[in-house]
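# Observations on the model geometry
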Amino acid sequence: EGFLITQSPRFDLECIRTLVETSPCLRELRLDEIGKMCDAFLEVIKPLAGHLTSLSLAYPGDPLTLSEEAVQDLLGAVGGSLVHLNLSGNKSLSDGFLFQGIKPHSQALTSLLLADIPQFTNKGVAEFFNTWSQTGAPIISRELGESEPEAQNAAGSLGSLTHVDLSRNHELSGDALVALLQHSGPSLENLNINGWKATSQDALRAIAKHAPGLKKLDVGWCRE
C-alpha cells in the first residue's frame with residue numbers, strides 16, 4: 001500500500017513502471033530526491049488515480065526536471081483522492097500551478113508542502129488561498145481584526161489544511177499569511193513559514209489568535 005523512498009540514484013523509469021503495474025492500488029508514494037526523475041515518471045503514475053492518497057515528489061535531482069504542465073496534468077488524474085502532497089524543491093512551478101493544478105483537482109488535501117519554490121509570489125499565493133475557500137466566510141478581517149461571528153464556530157472551509165510547509169519561499173509575506181489563516185486557521189496543526197523575512201509583526205501575531213490548534217510552528221528567519 002505504500003512505497004516510500006528518498007535519494008535513490010538508480011530508481012528509474014522501468015522501476016516506477018513495474019511498481020505501478022504490480023501495485024495498482026498503491027495508496028502512498030514518495031519518490032524524493034530521485035536523480036532520474038522526469039516528466040515521463042508522471043505519466044506512469046497516472047493509473048494510480050482513485051487510490052493514491054499521499055504523493056511526494058520533492059527535490060528531484062534536477063530541480064527543473066518536472067515541468068509545470070506535466071505536474072498539473074498528473075494532478076488532473078490523481079489529485080482528487082490526495083490528502084497529502086509534497087512538491088517542495090520543484091523550481092519550475094509558479095503561481096499558475098496553484099490555480100490550474102491544485103485548486104481544480106485537489107480539494108481533499110489536508111497536508112500541503114510546497115517549500116523552496118522561488119517563483120511563488122506573495123500576491124499569487126494570497127489570491128490562491130483567498131479564492132480556494134468553498135464557504136466564502138472569512139475567518140479574520142482584511143485588517144487582521146476580530147473574527148467573523150459566523151466563522152468562530154466553524155471548523156474551517158472545505159479543503160482546510162492541517163499541515164502547511166511554505167518555507168524558504170522568500171517572496172511570501174503578510175498577505176499570503178493572512179490569506180492562509182483565512183482559509184485554514186482553525187484547522188492548522190503544523191505551520192512552517194521559515195524564511196518569510198518581510199512578514200509584518202501584525203501578520204505574525206495573527207497566527208496565535210487565529211490558529212489556536214497549532215502544535216508545531218516554525219517562524220525562523222521571519223525578521224520582524
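### Observations regarding the overall build of the protein
Counting its regular elements, the protein contains eight helices and eight strands. Residues classed as buried in the protein amount to 50% of the 224 residues present. Relative to all contacts within the protein whose residues are 6 or more apart in sequence, the contacts with residues 24 or more apart total 83%. With an accessible surface of roughly 10200 Å², the protein has 49% of that area assigned to carbon and sulfur atoms.

### Quick look at the pairing of strand β1 (residues 2-6)
As paired strands, β1 and strand β2 (residues 28-32) are joined by five bridges and run parallel to one another. Residue pairing across strands places Gly2 opposite Glu28, the latter belonging to β2. Since β1 and β2 lie parallel, the crossover through helix α1 (residues 13-22) that links them has a hand, and here it is right-handed.

### A closer look at the pairing of β2
Strand direction decides the pairing type here: β2 and strand β3 (residues 54-56), joined by three bridges, are parallel. Each residue of the ladder has a partner; that of Arg30, found in β3, is Ser56. Chirality of the crossover, the property in question, places the unit of β2, helix α2 (residues 39-45) and β3 among those that are right-handed.

### Here's the deal with the packing of helix α3 (residues 68-78) against helix α4 (residues 95-105)
It is at 8 Å that the axes of α3 and α4 come closest, and there the two elements cross at 10°. Taken together, the axes of α3 and α4 lie roughly parallel to each other. In this structure, α3 uses Glu68, Val71, Gln72, Leu75 and Gly76 to contact α4, whose residues at the interface are Gly96, Phe97, Gln100, Gly101, Ile102 and His105. A breakdown of the residues in the contact of α3 with α4 according to their chemical character gives four nonpolar, six polar and one charged.

Quick notes on the rules
- The written sequence of each chain sets the order in which its residues are numbered from 1.
- Reporting in this predicted model follows two pLDDT cut-offs: at least 70 for local features of residues, and 80 or more for side-chain atom pairs to be given and counted; totals over whole chains, interfaces and linings ignore these cut-offs and use all residues.
- Remark: hydrogens and water are excluded; side-chain values derive from all non-hydrogen atoms of the structure.
- A helix here means a DSSP run of H or I that spans at least four residues, while a strand means a run of E at least two residues long, and both kinds are numbered starting from the N terminus.
- Note on classification: 1.4 Å probe, protein chains only; a residue is buried when its accessible area is under 20% of the maximum for its type, exposed when over 50%, partly exposed between these limits.
- We call two residues in contact whenever any of their non-hydrogen atoms come within 4.5 Å of each other.
- In these tables, accessible area is a Shrake-Rupley quantity obtained with a 1.4 Å probe, and a residue counts as shielded only by the protein chains included in the view.
- Whether two strands pair depends on DSSP finding at least two bridges between them.
- Orienting the strands away from the viewer, one traces the path from the first strand over the helix to the second; a clockwise path indicates a right-handed crossover.
- All axes are obtained by fitting lines to C-alpha atoms, using only the stretch in contact for helices, and the reported angles, taken between N-to-C directions, cover 0 to 180 degrees.
- With respect to orientation, any angle under 35 degrees is reported as roughly parallel, any angle over 145 as roughly antiparallel, any angle of 65 to 115 as roughly perpendicular, and every other angle as oblique.
- Only Asp, Glu, Lys and Arg are considered charged in this grouping, and only Ala, Val, Leu, Ile, Met, Phe, Trp, Tyr, Cys and Pro are considered nonpolar; every other residue, Gly among them, is considered polar.

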